[in-house]
Amino acid sequence: MVLSPVIGKLLHKRVVLASASPRRREILSQAGLRFEVVPSRFKEKLDKAAFATPYAYAIETAKQKALEVASRMHQKDLRAPDVVIGADTIVTIGGLILEKPADKQDAYRMLSRLNGKEHSVFTGVAIIHCCSEDGQLDTDVCEFHEETTVKFSELSEDLLWEYIDSGEPMDKAGGYGIQALGGMLVEYVRGDFLNVVGFPLNHFCKKLVELYCPPHREDVQRVKHDSIPAVDTFEIASEAAQGDEGCGPSRAGVHGHTGQAPAGPQGPDTNGLVENPPPFPSDLLDLIDGFKASKALFTACKLKVFDVLKEEGPLKAVDVARKLNASVCGTGRLLDVCVALGLLEKTDTGYGNTQLASRHLASEGACSLHGFVAYNDEHAWTVFTDLESAVRQGPRAAAGRPAEDPSQSRDQRLRFMRAMHGLTQLTARQVATAFDLSRFASACDLGGCTGALARELAREYPRLKVTVFDLPEVIEHVSSFHPEGRQPERLRFVPGDFFKDDLPDAQLYILSRILHDWADDRVHELLSRVSRSCKPGGGLLVVETALDERRAARASLPAALNALVRAQGRERSLAEYRSLLGQHGFRDVQVAQAGDRLDVVLGTRASSAP
Ligand SMILES: C[S@@+](CC[C@H](N)C(=O)[O-])C[C@H]1O[C@@H](n2cnc3c(N)ncnc32)[C@H](O)[C@@H]1O
């Protein structure tokens, strides 16, 4: 069975799982499928006696669940999803269907009935393909079921009640969950384990292959029946080619193999075997699409989607659109993308922020990264379009300016300060506590910007006096970042240029995200000024995202590109920072991590000059 081409075909479809079960959600995600979750409101009250078999009942329930979601979504959004997946799991023993227990006594009755015996678990699955024409919803249903046999051990009353009292049985068909504590009740399982958990992934995947990648007839014929394939061949899929179950999409399915494993006479499988195509490059496709996700996030932030939903959510797309003064269609799509990106949640009552979005993407709040997002959208985005020329010709060719370029406009400067403020607030505590700095009575944060780190240091070390030293045009705006107006008494702001002016006296100097902005000659110049100001026994704390092979490339390598497009500065490794501090008279250099993105290097000024 080759699933990746199928997943590829579903990648751009709107797929919905009509189930609230976290277990089903997890199983389907593991298959690499991307989907939304819209729990069905269909009441599971079909007349069991009306069905010839238990699985016919499970299939019908699955189908009704999926159809309810398809028609509700169609009515609400006037836009049906492409595919809705419904599932229903039941436990049967002696012809009796056991669903979820109503209460503890009911759970006890069910578990006693299963005690020491074999029973069957059926999951009925319905895959509904939807299309809307002239406002009408048209559906095509493909359905199947899977059966697994489970045997319970002989269980004592005490054990049964211990399990019931754990609370686990209450939302599980048959009153147990095999994937959790309920696993202790089970002696053996015959068949698909995941079917017992709630979703028969193997059968489902085979069904998708039938629907979306039915083989060419000649491929089917060329499968050698006397050879043992390492994985499933298309023999299963051939049933679909012969008209099995009449699933709509197999008729509409796209034929062929997305070109990954040509199987024609000139193809690689010249010995007549159907070859495995290479693994589907999902991560690569995600990478290619990555900028779209970023831009969707930027746009939603800029339009203040997360602010609106924080204050008034959940809201329907049409109401969000009205509040944003944007088109309903465009807003709906943006909101759905944000759902897919995990930034919003969609429920029956409308769209709402996830906790992540409320905390970090709304414009107000101590943990807001709204300013950092805006900076990336309006500044970094543009600057990165010069990456190619920066790579071809080296940093000097890039048109981007360093963020602290004095020729920045007031608005640009404020935008940069907002970005830094959000980011630093997020990491300030980790930096402040990376080392015990209580031996210092005074500190000077050089290029300390809005004072976000300085405030945290003052909070963490009650006897520490902190000076923030930054360019006059930056210091001028700091009050707007501390809305309560008053700064703590131990915090002061001093305007100045660390390349030209005397540095304020301090026992500890801090250079947080400063050195990477400068080329080596400027770094030496700055460090020698710091070294001259720092008295023996004083300290220098450098905070940077060091280039480091141990760190995930995602965290440190994009920063290397930052320096390239900004036309000056460069990222350095921890060894380089250690060496720089050593060269400028700092000894006992120690390194610590502040969270997973920042490194903190602390050196002590030696008594002899370098
Ligand atoms: C990348 S930001 C880092 C801000 C802060 N230290 C942090 O970790 O968030 C660089 C800071 O250095 C300041 N800066 C740049 N050149 C400076 C100079 N010559 N003198 C003083 N500050 C300067 C900028 O204004 C800006 O606030």
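Only a predicted model underlies this, so the values are computations on that prediction, with no experimental measurement involved.

Undergrad: Account for the layout of surface pockets, naming residues and giving values.
TA: Empty space within the second largest pocket amounts to approximately 1,200 Å³. Taken together, 34 residues line the second largest pocket, and the ones lying closest to its centre are Arg34, Asp336, Val337, Ala340 and Leu341. Of all the secondary structure elements, the ones that give two or more residues to the lining of the second largest pocket are α2 (22-30), β2 (36-37), α11 (282-302), α14 (328-340) and β8 (344-347). With six residues, the top contributor of residues to the lining of the second largest pocket is α11. Of the residues that constitute the lining of the second largest pocket, the class distribution is 14 nonpolar, six polar and 14 charged.

Undergrad: Describe in detail helix α7 (residues 201-212), supporting the description with residues and values.
TA: Compared with the 16 Å implied by 1.5 Å per residue over 12 residues, the 16 Å span of α7 between its first and last C-alpha is a close match. Taking burial as the measure, the 12 residues of α7 include nine buried ones, the bulk of the element. When α7 is considered as a whole, its buried residues turn out to be Leu201, Phe204, Cys205, Lys207, Leu208, Val209, Glu210, Leu211 and Tyr212.

Undergrad: Tell me what's going on with the side chain of Arg572, and back it up with residues and numbers.
TA: When you line up the elements, Arg572 lands in the loop between α22 (553-565) and α23 (574-583). Here Arg572 falls in the buried class, since its relative accessible area comes to 1%. Engagement of the side chain of Arg572 in a polar contact is seen with the side chain of Asp520, the distance being 2.8 Å.

Undergrad: If you had to explain the confidence of the model for the protein chain to someone new, which residues and values would you point to?
TA: For residues with low pLDDT, the predicted coordinates do not support detailed interpretation. Per-chain confidence: the protein chain averages 83 in pLDDT, with 81% of residues scoring 70 or above. Here residues 217-274 is modelled with pLDDT under 50, and outside its nearest four sequence neighbours on either side it reaches 81 contacts, counting other chains as well. Segment residues 397-404 is flagged for pLDDT under 50; beyond a separation of four residues in sequence, or across chains, it makes 25 contacts in the model. Per the prediction output, this complex has pTM 0.57; the corresponding ipTM is 0.99.

Undergrad: I'd like a description of the site of the ligand, backed by residues and values.
TA: Around the ligand, a shell composed of 18 residues is seen, among which Thr424, Gly447, Asp470, Asp497 and Ser512 lie nearest. Here a nitrogen atom of the ligand and a backbone polar atom of Gly447 are 2.7 Å apart. In the complex, the protein chains occlude 96% of the 600 Å² of accessible area that the ligand would expose alone. Counting residues per element, the shell around the ligand draws most heavily on helix α18 (residues 410-432), which supplies three residues. Residue classes in the shell around the ligand are distributed as nine nonpolar, four polar and five charged.

Undergrad: Please give an account of the packing of aromatic side chains that cites residues and values.
TA: Where two aromatic rings form a pair, the distance of their centres and the angle of their planes describe that pair. What the rule picks out here adds up to nine aromatic pairs. When the centroid spacing of 5.0 Å and the interplanar angle of 80 degrees are considered together, the rings of Phe499 and Trp518 count as edge-to-face. Of this pair, Phe499 sits in the loop between β12 (491-495) and β13 (508-512) while Trp518 is found in the loop between β13 and α21 (520-533), placing the two residues 19 residues apart along the sequence. Assessed through its relative accessible area of 12%, Phe499 is described here as buried.

Undergrad: Tell me about the packing of helix α16 (residues 370-384) against α18, residues and numbers included.
TA: It is at 7 Å that the axes of α16 and α18 come closest, and there the two elements cross at 135 degrees. Between α16 and α18, the angle falls in the class oblique. Our pair here, α16 against α18, has a crossing hand that is left-handed. Along the contact surface, α16 presents Gly371, Phe372, Ala374, Tyr375, Glu378 and His379, while α18 presents Arg415, Phe416, Arg418, Ala419 and Leu423. Broken down by class, the residue content of the contact of α16 with α18 amounts to six nonpolar, two polar and three charged.

Undergrad: Provide a residue-level description of the pattern of salt bridges, including the pertinent values.
TA: Tallying each qualifying case throughout the model produces 33 salt bridges. For the salt bridge of Lys48 with Glu99, the shortest nitrogen-to-oxygen distance reads 3.1 Å. Here Lys48 is found in the loop between β2 and α3 (54-77), whereas its partner Glu99 is found in the loop between β4 (96-98) and α4 (104-114), with 51 residues between them in sequence. Its relative accessible area of 34% is what places Lys48 among the partly exposed residues. Given a relative accessible area of 16%, Glu99 falls into the buried group. Residue Arg190 is joined to Glu118 by a salt bridge in which the shortest nitrogen-to-oxygen separation is 3.2 Å. Of this pair, Arg190 sits in strand β7 (residues 186-190) while Glu118 sits in strand β5 (residues 118-133), and the two are 72 residues apart along the sequence. Overall, the relative accessible area of 46% leaves Arg190 in the partly exposed class. Each of Arg14, Glu36, Asp336 and Lys346 takes part in one network of salt bridges that share partners.

Definitions and limits used
- Along each chain, residues carry numbers from 1 onward, in the same order as the chain's sequence is written.
- Confidence filtering applies because this is a predicted model: local features only for residues at pLDDT of at least 70, side-chain atom pairs given and counted only at 80 or more, and all residues used for totals across whole chains, interfaces and linings.
- Only hydrogens and water are removed before side-chain values are computed, so all heavy atoms of the structure are retained for them.
- Using only the protein atoms, space was sampled on a 1 Å grid; points where a 1.4 Å probe fits but cannot get out form cavities, open sets with protein on both sides within 12 Å along at least five of seven lines form pockets, and lining residues are those with an atom within 4 Å of a point.
- Grid points are joined across faces, edges and corners, and a volume is the space filled by probe spheres set on the points.
- Put simply, DSSP H or I for four residues or longer makes a helix, DSSP E for two residues or longer makes a strand, and each gets a number counted from the N terminus.
- Residue type decides the class: Asp, Glu, Lys and Arg count as charged, Ala, Val, Leu, Ile, Met, Phe, Trp, Tyr, Cys and Pro as nonpolar, and the leftover types, Gly among them, as polar.
- Multiplying one less than the number of residues by 1.5 Å gives the expected span of a helix.
- Three labels apply to residues, based on accessible area from a 1.4 Å probe with only protein chains included: buried if under 20% of the type maximum, exposed if over 50%, partly exposed otherwise in between.
- Counting of polar contacts relies on pairs of N or O atoms within 3.5 Å, with two restrictions inside protein: one atom must be capable of donating a hydrogen and the other of accepting it, and residues adjacent in sequence are counted only when both atoms are side-chain atoms.
- Each residue carries a pLDDT value, the predictor's own confidence for that position, ranging from 0 to 100.
- Throughout, a contact is declared for two residues whenever any of their heavy atoms are within 4.5 Å.
- Any residue with a non-hydrogen atom lying within 4 Å of a molecule or strand is treated as near it.
- Per-residue accessibility takes into account occlusion by the displayed protein chains alone, with areas from the Shrake-Rupley method and a 1.4 Å probe.
- Aromatic pairing here means that ring centres of Phe, Tyr or Trp (its six-membered ring) are within 6.5 Å. Orientation follows from the plane angle: under 30 degrees is stacked, over 60 is edge-to-face, and everything else is tilted.
- Each axis is a line fitted through C-alpha atoms, taken for helices only over the stretch in contact, and angles between the N-to-C directions span 0 to 180 degrees.
- Angular relationships are summarised with four words: roughly parallel below 35 degrees, roughly antiparallel beyond 145, roughly perpendicular across 65 to 115, and oblique for the angles in between.
- Take the far helix as your reference; a near helix turned counterclockwise from it by less than a right angle gives a left-handed crossing, and one turned clockwise gives a right-handed crossing.
- One side-chain nitrogen of Lys or Arg within 4 Å of one carboxyl oxygen of Asp or Glu is enough to make a salt bridge.

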